[in-house]
Amino acid sequence: MMGGNNDWRLTNQEKFLKGSILVRKRYVKPREDWDHDHCVFCWAKFMEDERSDALNEGYVTSDGRHWICLTCFHDFHESFEWKVELRRQEEHQ
Ligand SMILES: [Zn+2]
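Below: a short report on this structure. Because the structure is predicted, anything quoted here is derived from the model rather than measured.

**Comments concerning the overall build of the protein chain**
Part 1: A tally of regular secondary structure across the protein chain gives 2 helices and 6 strands.
Part 2: Each helix and strand of the protein chain, ordered N terminal to C terminal, gives the series α-β-β-β-β-β-α-β.
Part 3: Relative to its 93 residues, the protein chain shows a buried fraction of 31%.
Part 4: Expressed as a percentage of contacts within the protein chain between residues at least 6 apart in sequence, the contacts between residues at least 24 apart total 60%.
Part 5: Counting every atom, the protein chain has about 7,000 Å² of accessible surface; 48% of that belongs to carbon and sulfur.

Set out below in structure tokens:
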């Protein structure tokens, strides 16, 4: 049986991500010795360094533990029923 959940990126993330509240923001490294994270779906890399070819922005859970890239957010937000917390955008363009 082929269902709608056979995407290679899906590895039971619903256990910790179903219905989560997400915030869209720029990636900021959590610690001096921890400079990147990966999208929990496709493993795209997030880094603070804009000169790198990694992503600089994405969606993160409110506890800051899980990052989701914009593509995966677009693909999965309906099935995971995420709520996006709106925060005033304080950065200048
Ligand atoms: Zn992704």
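**Some remarks on unusual backbone geometry**
Part 1: Here Trp43, not a glycine, exhibits a phi torsion of approximately 65°, which is positive.
Part 2: On the secondary structure map, Trp43 appears in the loop between β2 (36-38) and β3 (45-47).
Part 3: For Glu81, which is not a glycine, the phi torsion comes out positive at approximately 55°.

**Focus on the coordination of the zinc ion**
Part 1: For the zinc ion, the protein coordination sphere consists of Cys39 (SG), Cys42 (SG), Cys69 (SG) and Cys72 (SG), at 2.3 Å.
Part 2: Seen from the zinc ion, its 4 donor atoms lie at angles of 101 to 117°, and the figure they make is tetrahedral.
Part 3: Here the donor residues of the zinc ion are spaced in sequence according to C-x2-C-x26-C-x2-C. Taken together, the positions of Cys39 in the loop between β2 and β3 and Cys69 in the loop between β5 (67-68) and α2 (70-80) put the pair 30 residues apart, joining distant regions of the chain.

**Describing the environment of Val23**
Part 1: Counting through the fold element by element, Val23 comes out in strand β1 (residues 21-26).
Part 2: Of the residues examined, Val23 reaches a relative accessible area of 4% and is grouped as buried.
Part 3: Excluding residues within four positions of it along the chain, Val23 makes contact with Gly58, Tyr59, Val60, Glu85 and Arg87.

**A short note on the pattern of salt bridges**
Part 1: Per the stated rule, a full pass over the model turns up 7 salt bridges.
Part 2: Between Asp33 and Arg31 there is a salt bridge; the shortest N-O distance is 2.9 Å.
Part 3: Taking the relative accessible area as the measure of exposure, Asp33 reaches 61% and is therefore exposed.
Part 4: Under the relative-accessibility criterion, Arg31 is labelled partly exposed at 46%.
Part 5: Here the residues in one salt-bridge network are Asp7, Arg9 and Asp75, joined through shared partners.

Definitions and limits used
Residues numbered from 1 in each chain as written. Predicted model: local features only at pLDDT ≥ 70, side-chain atom pairs only at ≥ 80, totals over all residues. Heavy atoms only, no water. Helix = DSSP H or I, 4+ residues; strand = E, 2+ residues; numbered from the N terminus. Buried < 20%, exposed > 50% of the residue type's maximum accessible area, 1.4 Å probe, protein only. Contact = heavy atoms within 4.5 Å. Areas by Shrake-Rupley, 256 points an atom, 1.4 Å probe, with all protein chains shown as cover. Donors = N, O, S within 2.8 Å, 3.2 Å for Na, K, Ca; no water. Tetrahedral: all angles 85-135°; square planar, octahedral: opposite > 155°, others 65-115°. Salt bridge = Lys/Arg side-chain N within 4 Å of Asp/Glu carboxyl O.

Nothing here speaks to function; it is geometry throughout.
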